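So you can see what is in the structure, the chains are spelled out below.
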Amino acid sequence: MNKKNNYRWFVLGIGVLAQATFAMGFAGIPITGILMRESYNFSLHELGFVLGSMGLGVAASEIVWGIITDKLGDKTVLILGLWSSTLVFVVIALWFTPGNSNSGIKYLHLGAALAMAGACGGSINSSSGRTVMQWFDDSERGFAMSVRQTAIPVGGAIGTGLLPWLAYSYGFEVTFLALAVIGLTVGFAVLFFINSKQNEFKQEKTSTLTVSPLRSADVWKVVIAAGFLTVPQMAVLTFGGVYMRDVLDINLTLISIILIGVQIGGGILRIWSGYYTDRKKNRISLLKYYAVLSGIASFILCLMVNNTYSGVAFLVLTGLFGHAWHGLAYTEAAVKAGVERAGTALGMVGATVFFAYFLTPILVSSIAHGYGWGAVWAVVAILTFASLLCFVSFSKKKEPLTSIGDIDES
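We now turn to the structure provided with this report. (Residues numbered from 1 in each chain as written. Predicted model: local features only at pLDDT ≥ 70, side-chain atom pairs only at ≥ 80, totals over all residues. Heavy atoms only, no water.)

Examining the overall build of the protein
A count of helices and strands for the protein gives 15 helices and zero strands. Considering only residue pairs separated by 6 or more positions, the protein has 84% of its internal contacts joining residues 24 or more positions apart. In the structure as shown, the protein presents an accessible area of about 16100 Å², 66% of it carried by carbon and sulfur atoms. (Helix = DSSP H or I, 4+ residues; strand = E, 2+ residues; numbered from the N terminus. Contact = heavy atoms within 4.5 Å. Areas by Shrake-Rupley, 256 points an atom, 1.4 Å probe, with all protein chains shown as cover.)

Shown next as structure tokens:
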């Protein structure tokens, strides 16, 4: 049994590696937005569409991938996702980069290609998440899922440092080829080092849910809240760099360092959150706190939008709290659905998360162009606070919250 206990952590590590690989692309590519705007000659609106396109692809495919994962298993779907997205990145490098196009590249074409990469790679979210539900019991799932979700900011931090440097030094062709090589390599790691047999741990019933998660109101509440909570995270990731460059006049190197710090700090918060809620059984309560904190930070940012030091500080806080909640929401949805339907539930969360990933940069670019950056952060705050409406019926006690640990929720 001890050997099996050790192996589950190895399986989790491979899942983290696969998730981080995909995160390098969908979190790292937006950080190249400043360079992409110049290299491709995109307007702010066109750039917003392109930077959100991978999210649209993931959102459109997540639920389907979740259902397929429940039927075919984690390993098969992981490999399919890694290698199919690898192929799409090769196509983008060869046909949709400035150096390989005789005429200007239309933003719709590049956006469609990136959406396809997102649709392929989106399978990694539900498949690696279902692995956690299979190999860990409820006393460790929050921690394990948060570790898995931490792969997103960690992979994003790597992408934030690597992709802008590659794009600036060698061009976008090399940038997309690098993503392809990494995806291909990790796919082989999954193929050779993951045991495809069902684990032999005793799986308790984690839910009394007898219907599909697609018909469960409780699952949908978590799913919709996750979509709202994605807004501050993606606003910071996709246009935080543009805001700091255009409004605060910060150089590209410092912008990269700040955004890397946001993602690493957000990853640390995710791990702590999972560890804490495994013991307190208060995932919904902590989700509420993160919604309030992120909304407040974004609202203060809208008031301090032209102040360099305050602007950076509250941008960082908005990003940190916007990153911290992921493991909690994914775990809560999967537990409510049960292990047997975890892939579907995780796909549902991924669908709203990445739908928000697609819409947020379009919304931000439109508001910034028409009304300025103060209005951007005000709208981000409002949408973040809107997530609280989804949690109203979850509260089991009527007295007000006085501390994070006061409410004990399953």
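Next comes the rest of the description.
A closer look at the environment of Phe26
If you trace the backbone, Phe26 turns up in helix 1 (residues 2-28). Judged by its relative accessible area of 4%, Phe26 falls in the buried class. Residues Phe26 and Gly52 lie 26 residues apart in sequence; the distance between their C-alpha atoms is 8.7 Å. Residues within four places of Phe26 in sequence aside, it is in contact with Met54, Ile152, Phe354 and Tyr357. (Buried < 20%, exposed > 50% of the residue type's maximum accessible area, 1.4 Å probe, protein only.)

Brief notes about the packing of aromatic side chains
A complete count under the given rule lists 18 aromatic pairs for this structure. Through successive ring pairs, a cluster of aromatic residues spans Tyr40, Phe42, Phe89, Phe172 and Phe176. Directly above the aromatic system of Tyr330 lies the positively charged group of Arg148, at a separation of 5.4 Å from the ring centroid. Just above the ring of Tyr275 sits the side chain of Arg279; from NZ or CZ to the centre is 3.9 Å. (Phe/Tyr/Trp six-rings, centres within 6.5 Å; stacked < 30°, edge-to-face > 60°. Lys NZ or Arg CZ within 6 Å of the ring centre and 35° of its normal.)

Description of the environment of Pro232
Along the chain, the position of Pro232 falls in helix 9 (residues 217-246). Leaving out residues up to four positions away in the same chain, Pro232 has contacts with Ser294, Thr318, Gly322, Val380 and Thr384.

Considering the nonpolar core
By size, the foremost hydrophobic cluster in this structure holds 91 residues, and its most contacted members are Phe26, Ile29, Met36, Met54, Phe89, Leu110 and Phe176. Considering each element in turn, this core owes the most residues, 11 residues, to helix 1. Beyond its immediate sequence surroundings of up to four residues, Met54 is in contact with Phe22, Gly25, Phe26, Ile29, Phe89, Leu114, Ala115, Ala117, Gly118 and Tyr357. Counting residues in hydrophobic clusters, the runner-up holds 26 residues, among them Ile31, Val236, Phe239 and Leu315. (Core = buried A, V, L, I, M, F, W, Y, C linked by side-chain atoms within 4.5 Å.)

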